[in-house]
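# Architecture at a glance
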Amino acid sequence: MFTCAGCSCLCDDIIVETENGKISVKNACRRGAGIFLNYNVSRARPKVNGKETDFDKALEKAQELIQESKNLAIYGLDTTTLEAQKIAIELAEKKEAFIDDNSSFCLGDFVEMILKEELPTTTFDDVRDYAYVIVYWGADPYHSLSRHLSRFSYYPRGKKRQRGYEEDRFLVVIDVRKTHTAMLCKKNAKFFEIQDDIELINAFNQVLDGKAPSIFTRDIPRVIKEMEKADFNVIFGGLGLKYGLRGNYDLFKEFMKKLNEKTNVYFIPAGCHPNMRGFNELMFEKTGSVNKYSFRDGKSSEDFTFYNLLKNDSIDTALIIGTDPLNSLPFEYAKKLAKINTIVVDPRVSFTSEIASVVLPSAISGVEAGGTMVRSDGVRVELKPVFEREINDEFILKKLLEVV
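Heads up: these notes are all about the structure in this document. (Residues numbered from 1 in each chain as written. Predicted model: local features only at pLDDT ≥ 70, side-chain atom pairs only at ≥ 80, totals over all residues. Heavy atoms only, no water.)

### Things to note about the overall build of the protein chain
Each helix and strand in the protein chain was counted, giving 17 helices and 18 strands. For the protein chain, the C-alpha radius of gyration of 22 Å lies close to 22 Å, the compact-globule estimate for 404 residues. The C-alpha extent of the protein chain, read off along each of the three principal axes, is 65 × 55 × 35 Å. For the protein chain, the proportion of its 404 residues judged to be buried stands at 57%. For the protein chain, restricting intrachain contacts to residue pairs at least 6 apart in sequence, the fraction spanning at least 24 positions comes to 68%. Element-wise, carbon and sulfur atoms account for 44% of the exposed surface of the protein chain, whose accessible area totals about 17,500 Å². (Helix = DSSP H or I, 4+ residues; strand = E, 2+ residues; numbered from the N terminus. Rg over C-alpha atoms; globule rule 2.2 N^0.38 Å. Buried < 20%, exposed > 50% of the residue type's maximum accessible area, 1.4 Å probe, protein only. Contact = heavy atoms within 4.5 Å. Areas by Shrake-Rupley, 256 points an atom, 1.4 Å probe, with all protein chains shown as cover.)

And the structure:
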């Protein structure tokens with residue numbers, strides 16, 4: 001059995017068999033199977049200024065750029081292990097650098113609220129065993145987290161949920177469009193197609209306060225009544241919820257508090273990066289913040305998000321680990337990234353590696369490198385490699401740390 005690091009589900013029941021150089025994979029979703037089956041495709045090569053070289057020369061150049069940098073930013077890390085993340089954070093601290101990951105525009109705010117105990121949370125295992133009402137809010141796990149529904153939430157039979165999803169689960173999907181997950185809402189289910197998340201929360205609060213809701217006049221009271229039937233319910237919040245709240249997190253926390261005065265409702269982020277929560281937890285233990293942090297200033301700020309650092313010309317060197325910002329940045333920021341020194345640590349070729357000053361090929365976590373990752377519910381999962389590769393993220397970061 002192996003663990004798939006394709007998303008934050010970190011499924012640990014993957015069967016990988018190798019024979020005569022060929023690989024077969026069982027139990028994995030399409031994304032996960034692709035990681036194992038295509039592990040040798042589009043592999044990065046060591047480069048300096050766009051020209052291929054040997055690894056030692058590329059590493060030496062990367063060390064030189066790290067040493068000479070006056071304003072270093074470390075970015076990425078969501079696809080690597082806790083062991084590598086710890087070294088990256090130590091490097092950022094010693095260099096008085098900026099450090100950030102995808103959670104600053106993804107679900108880091110929700111993770112921080114959980115770590116501060118401002119939102120009640122639980123584990124996938126308890127959801128499988130006990131959850132009755134299951135809410136997917138601004139998330140479409142049918143595509144983004146392919147085995148989420150089948151392994152942990154709606155479909156599996158659990159200790160207290162033995163009769164199957166049509167009798168022992170009540171599914172609620174909240175989204176701005178009818179997603180594939182929303183299409184599952186038939187018997188014992190409800191789909192809310194909304195225009196405004198805040199308006200919906202206010203309507204839920206009206207019912208919780210004993211008033212008539214301003215919208216969905218029959219459906220909201222029904223969902224509250226279904227939640228009150230059980231002592232265990234869960235909300236999985238995705239990016240749709242994050243951006244739908246428009247920064248009104250206090251409103252959402254108050255809503256969760258009111259729900260839990262009536263029954264038990266837990267919250268788990270519906271994230272997709274395999275070890276985003278691991279990075280958030282390490283940063284929280286170290287600094288009290290989960291991302292966008294400056295060790296020089298000793299604080300977290302929106303000014304220290306990676307895209308704002310580029311926008312404001314605040315950095316001269318970027319160390320990018322296991323992510324491809326050039327593929328997602330607006331063009332004006334992408335141009336600025338191309339003008340500074342960029343060190344890319346990645347197993348595969350990416351848009352960012354094509355413009356990088358230095359490329360350091362690494363190992364694929366869970367395929368060629370072992371270690372520890374943290375699921376989006378906070379449970380730590382061990383990875384063991386199918387093949388062993390000496391040069392991995394941990395090895396490279398240790399070498400870069402040596403020169404600081």
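That was the structure; now back to the text.
### Let's talk about the sheet that holds strand β7 (residues 133-137)
Two modes of strand pairing occur in sheets, parallel and antiparallel, and in both the strands are linked by backbone hydrogen bonds. If you walk across this open sheet you meet the 5 strands as β9-β8-β7-β10-β11, and the pairing is parallel. Whereas interior strands pair on both sides, the edge strands pair on one side only; in this sheet they are β9 (189-193) and β11 (265-269). Across the sheet, the mean angle separating the axes of adjacent strands is 15 degrees when strand polarity is ignored. Against the sheet, helix α12 (residues 249-262) engages β7, β10 (233-237) and β11, with an angle of about 145 degrees to β11. (Pairing = 2+ DSSP bridges. Axes fitted to C-alpha atoms, helices over the stretch in contact; angles between N-to-C directions.)

### A look at helix α10 (residues 219-229)
Those residues of α10 lying buried are I220, V223, I224, E226 and M227. All buried residues of α10 fall inside an arc of 160 degrees around its axis, so they share one side. Counted as exposed and oriented over 90 degrees from the buried face of α10: K225 and K229. (Arc of directions from axis to C-beta.)

### Structural notes on the pairing of strand β16 (residues 358-361)
The two faces of β16 match: V358 and L360 on one face and V359 and P361 on the other face are all buried. Summarising the sheet, strand β3 (residues 47-48) and β16 pair through 2 bridges and their orientation is antiparallel. The residue bridging K47 from the neighbouring strand is V359, located in β16. Across 4 bridges, the pairing between strand β15 (residues 341-346) and β16 is parallel. When the sheet's bridge partners are listed, I343 is paired in β16 with V358.

### Concerning the sheet that holds strand β4 (residues 51-52)
Read across the sheet, 9 strands follow the order β4-β3-β16-β15-β14-β5-β6-β12-β13 without closing on themselves; strand pairing throughout is mixed. In the strand order of this sheet, the two ends are held by β4 and β13 (299-300), each with one partner.

### Some points on the environment of K57
Residue placement: K57 occurs in helix α2 (residues 55-68). Sequence spacing of K57 and V358 is 301 residues, and the spatial spacing of their C-alpha atoms is 9.8 Å.

### Looking at the packing of aromatic side chains
If you walk through the whole model with that rule in mind, you get 23 aromatic pairs. With centroids separated by 5.0 Å and ring planes inclined at 50 degrees, the aromatic side chains of F110 and F267 adopt a geometry described as tilted. Taken as a pair, F110 in helix α4 (residues 108-115) and F267 in strand β11 lie far apart in primary sequence, 157 residues in all. Across this residue pair, the class does not change: F110 and F267 are buried. With a centroid separation of 4.7 Å and an interplanar angle of 80 degrees, the aromatic rings of Y155 and Y165 are classed as edge-to-face. In this pair, Y155 is assigned in the loop between α7 (148-151) and α8 (165-168) and Y165 in helix α8, connecting sequence segments 10 residues apart. (Phe/Tyr/Trp six-rings, centres within 6.5 Å; stacked < 30°, edge-to-face > 60°.)

### Overview of the packing of α2 against helix α17 (residues 393-401)
Put simply, α2 and α17 touch, their axes get as near as 9 Å, and they point 50 degrees apart. Taken together, the axes of α2 and α17 lie oblique to each other. For the pair α2 and α17, the crossing hand works out as right-handed. Contact residues: F55, L59, A62, Q63 and I66 in α2; F395, I396, K399 and L400 in α17. Grouping the constituent residues of the contact of α2 with α17 by class yields 7 nonpolar, 1 polar and 1 charged. (Parallel < 35°, antiparallel > 145°, perpendicular 65-115°, else oblique. Left-handed = near helix turned anticlockwise from the far one by under 90°. Nonpolar A, V, L, I, M, F, W, Y, C, P; charged D, E, K, R; others polar.)

### Looking at the side chain of R147
Among the structural elements, R147 can be located in the loop between α6 (141-144) and α7. Taking relative accessible area as the criterion, R147 reaches 14% and is therefore assigned buried. Within the structure, R147 has its side chain in polar contact with the backbone oxygen of N27 (distance 3.1 Å). Beyond its immediate sequence surroundings of up to four residues, R147 is in contact with C11, D13, I14, N27, A28, C29 and F152. (Polar contact = N/O pair within 3.5 Å; in protein donor to acceptor, adjacent residues only side chain to side chain.)

### Focus on unusual backbone geometry
Even without glycine at this site, L77 takes up a positive phi of about 75 degrees. We note that E117 has phi near 60 degrees; this positive angle belongs to a residue other than glycine. Examined against the element boundaries, E117 turns out to sit in the loop between α4 and α5 (124-130). When its relative accessible area of 72% is taken as the criterion, E117 is described as exposed.

### Side note on the pairing of strand β17 (residues 371-374)
Burial along β17 is two-sided: the face carrying G371 and M373 and the face carrying T372 and V374 are both buried. Alignment of β17 against strand β18 (residues 380-383), held across 4 bridges, turns out to be antiparallel. Bridge assignment links G371 to a residue of β18, and that residue is L383. The turn joining β17 and β18, which pair antiparallel and follow one another in sequence, is formed by 5 residues; a positive phi near 95 degrees is taken by G378.

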